[in-house]
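The primary structure of each chain is shown beneath.
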Amino acid sequence: MSNLLAVRNLKVTDLRNQAEIIHGVSFELKKNSCLGIVGESGSGKSMTAKAMLGLTNPWLRSQGTAELSNEHGVLDLLQQDESTLRAIRGQRICMILQDAMSAFDPLAKIGSQMSETFIENKGICRSEARSMVLAALQMVNMPEPEQVLKKYSHQLSGGMLQRCMVATALAMKPDIIVADEPTTALDSINQRLVVEEFKLLRQETGTALIFISHDLGVVQHLADQVLVMRSGERVEYGEARSTFKNPQHEYTKYLIDSRLEMSKSFQKAMKRGAASA
Amino acid sequence: MAGFWTRFKADKMALVMAAFLGIVILLSLLAPLIAPYHPAHQDIANKFALPSAEHLLGTDQLGRDMLSRILWGGQITVLWSLATMFCTIGIGILLGVVAGYFRGWIDEVIMRFCDIMLSFPNEVLILAIIGVMGTGIFNILLAMVIAKWAWYVRMIRSIVIQFMDKNYICFAQVSGCSARHIINKHLLPGAMGEICVLATLDAGGIILNISALSFLGLGVQPPTAEWGMMLNEAKKVLTINPWQMLPPGFAIFLVVAAFNFLGDSIQEALDPQLDKSMKKRLSIFSRKKAVA
Amino acid sequence: MPNLIEIKNIGKSYLKAGRNFRDTKVKVLKGVTFTIEEGLCVGLIGESGSGKSTLTRLILGLEKPDKGNGAILIKGLPVRQWIKANQGKMSVVFQDYTSSINPQYTVRETLEEPMRAMGHKGNLDGKIDVLLDKVSLSLDLKDRYAHELSGGQVQRVCIARAISTNPKFIVLDEAISSLDVSVQTQVLNLLHKLRLDMKMTYLFVAHDLQAVAHLCNKIVFLYRGEVVEEVMSWDLANAQNEYAKSLLASVIPFEV
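Residues numbered from 1 in each chain as written. Chains lettered and ligands numbered in written order. Predicted model: local features only at pLDDT ≥ 70, side-chain atom pairs only at ≥ 80, totals over all residues.

Caption draft 1: Just the overall build of chain B, in detail. Across its full length, chain B holds 13 helices and zero strands. Moving toward the C terminus, one meets the helices and strands of chain B in the order α-α-α-α-α-α-α-α-α-α-α-α-α. The dimensions of chain B, computed from C-alpha atoms along their principal axes, are 75 × 65 × 35 Å. Within the span of chain B, comprising 292 residues, buried residues form 39% of the whole. (Helix = DSSP H or I, 4+ residues; strand = E, 2+ residues; numbered from the N terminus. Buried ≥ 20, exposed ≤ 12 C-beta atoms within 10 Å, placed from the backbone.)

Right, dumping it as structure tokens:
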């Protein structure tokens, strides 16, 4: 299967002090697959995704290639101008950001904000946009979608807002969805709901997904490939299942061991319950 | 707090501005001793003179020496403005901190007083007070303090309320620190940056207010020198002697600008984090050098 | 095991601005009752909006519960009275480490503050060295400011500050939630070791079940202002309440 997105030797430099922030990262994303990017805070996970889409601050310079394939061949995202990138960001690659609460304008209703995205990017009229929004909310199994449309962002929980974001991204029918730590700000129940949402998304639409997180459990649940980053460098990259089972690099091992240690007591307690049942 | 002085001393702009204002204040204080002429001394034959060895800044429409009038005028424009500012800030800090820290009924009472004061238009209030008490520089100061204190109390109270949310204040409360300790060691140093910015921004406004009142005949009476009034006198003879406008105009401009820059520098020196980001911002201007 | 803290029938409401000039009273906590035994680590689990933060503020004495039959007693005394009589014996570590330390204070000044509030005078450098060592931080961080440290380091400084007065009881208010998962494990292990070494009692407020199960002996589930389940951590599988069970089922396992 050919690559939908191939990033080669992506470097990001801070022009203010000539410091290299991302040191030559390469990875590929195939159609219908999910790439998980894991690492601690400051590892450069979000920066990599933003650099690819041209969303970094003006004093950062990106080098390397990020080839997005289309019907005609490949398009190097890093060489495109702002208007082309904007069109791509709207239609082919959608980004879901970390803090859902601040992604929505607190002064406008959810329904109108979601419609706005569709009207801007697809050029449809308001009533069409509204029915699109409803269809999208239904696709993510949102309870009472009509009610949700009329609410403001502060009236919904973080989990529901995140699901609205996912619904918006879904409805745009992009080729790739980039989700930047979508579950980090959520509590357990909402986290599970959003993760299941993403699973559904992959099954139903076949959209490729780049999932950025520092939580290995969530990434394991969703990803086919995994990219481990530390301090702007690619530490390990490979098929998810084998990487988690047999990590090659010390750092990956360390991440896996910490995560296992955290869930040890919980697993023990649940197994004990299952055994006695 | 040791860090504050280190950072302040390292900031060249801060030192230059502080030195400049220090010199201005010193010259204003020493005006009676150093001014070459008496500010009211008229020499009609020599009116509208351009700068010369005898009159370094020329003379005005009544032949009075501009340099002397600037020096004497500084006493009113600069020193009294500072005095007004410190009084209003003092009241603002006192009541603002009490209202913001203790909340409850104290906050309600103080806020309702502020509401009442703020519902009077500034200028009307000042005019009314001066109407009752008479003209003169001290009455202007009193009138301006009375008109402005409520605004400061509100601003400082909202700054304090933001700080009360911070976890380190909660921790200090839980570990049994007294209100006085928290206010002196955490609240005031933390809020001082923003308060300084408020104060320095207002300095310009106060200077202009005093000038406006003098123009209306409610403040300083001629022939007392005051920069704003000098500016207004110059305006009347603009076509005849355009130069006359420049000394008082520049004086006001430089002093107000210096206050603003100083306020920014104080704010940066107080916040160790701001210091870093400022350096980053400034280095964008040197980007050309870096890339080349 | 004797009870250190008894929370009995606590209620707390806030006024919310309503329509037509009528403010509605929103009951955030309704009849909350549970106990924290001495020497234990008790976990308080609840999602956002369950009333965890309000309950934490009440336990810390920062706010008063609604008037009624409810009370929070520490060794039999009402909270605020006990705190006044036992200065420094109750401590707290907050979630948001970015605002937990005064940005104008160095690490040294931050750690000195609670000890000075207790009346210690003179040079506290020796004591500070001991504290930094206990939380595995390098001694040359003493003159750094909070923004120069990583999240994990700042949180460790907050822990060092919390234990500086040899407290009996520490409230960990989502203390690890803002940290990376790998750092979380280290900090949890550190907290466990400190509790055993210094014979303290913890109230660990969190929304992550796995972290709570890792650290705590007893777990209390809070849902919409009420306690719906109280269970020992090794007995988690036997939780009866529907909400507790759905929370247990929502945990995403990590298995290799």
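Caption draft 2: View of helix α10 (residues 227-236) of chain B. Of the residues making up α10 of chain B, those classed as buried are Trp227, Gly228, Met229, Met230, Leu231 and Ala234 of chain B. Where α10 of chain B is buried, its residues touch α4 (66-102), α9 (179-215) and α11 (246-270) of chain B. (Contact = placed C-beta atoms within 7 Å.)

Caption draft 3: Summary view of the sheet that holds strand β3 (residues 34-38) of chain A. Residue and element names in this part refer to chain A. Spatially, the six strands line up as an open sheet ordered β6-β7-β8-β3-β9-β10, and their pairing is mixed. Two strands bound the open sheet, and with one partner strand each, they are β6 (93-96) and β10 (233-239). Taken over all neighbouring pairs, the strand axes of this sheet differ in orientation by 15 degrees on average, direction set aside. As judged from the six bridges shared by strand β9 (residues 225-230) and β10, these two strands associate in the antiparallel manner. When the sheet's bridge partners are listed, Met229 is paired in β10 with Arg234. In the packing of helix α1 (residues 45-53) onto the sheet, the strands contacted are β3, β6, β7 (176-180), β8 (208-213) and β9, and the crossing angle to β8 comes to about 140 degrees. (Pairing = 2+ DSSP bridges. Axes fitted to C-alpha atoms, helices over the stretch in contact; angles between N-to-C directions.)

Caption draft 4: Layout of helix α8 (residues 188-205) of chain A. Compared with the 26 Å implied by 1.5 Å per residue over 18 residues, the 26 Å span of α8 of chain A between its first and last C-alpha is a close match. Turning to α8 of chain A, its buried residues are Ser188, Asn190, Gln191, Arg192, Val194, Val195, Glu197, Phe198 and Leu201 of chain A. Those residues of α8 of chain A that are buried are in contact with α7 (158-171), β8 and α9 (216-222) of chain A together with α7 (209-215) and α8 (242-249) of chain C. (Expected span 1.5 Å × (residues − 1).)

Caption draft 5: Representation of the environment of Val12 of chain A in the model. As for its position among the elements, Val12 of chain A is in strand β1 (residues 3-14). In the structure, Val12 of chain A is positioned 220 residues away from Gly232 of chain A in sequence and 9.0 Å away in space, judged by C-alpha atoms.

That is the geometry; function is a separate question.
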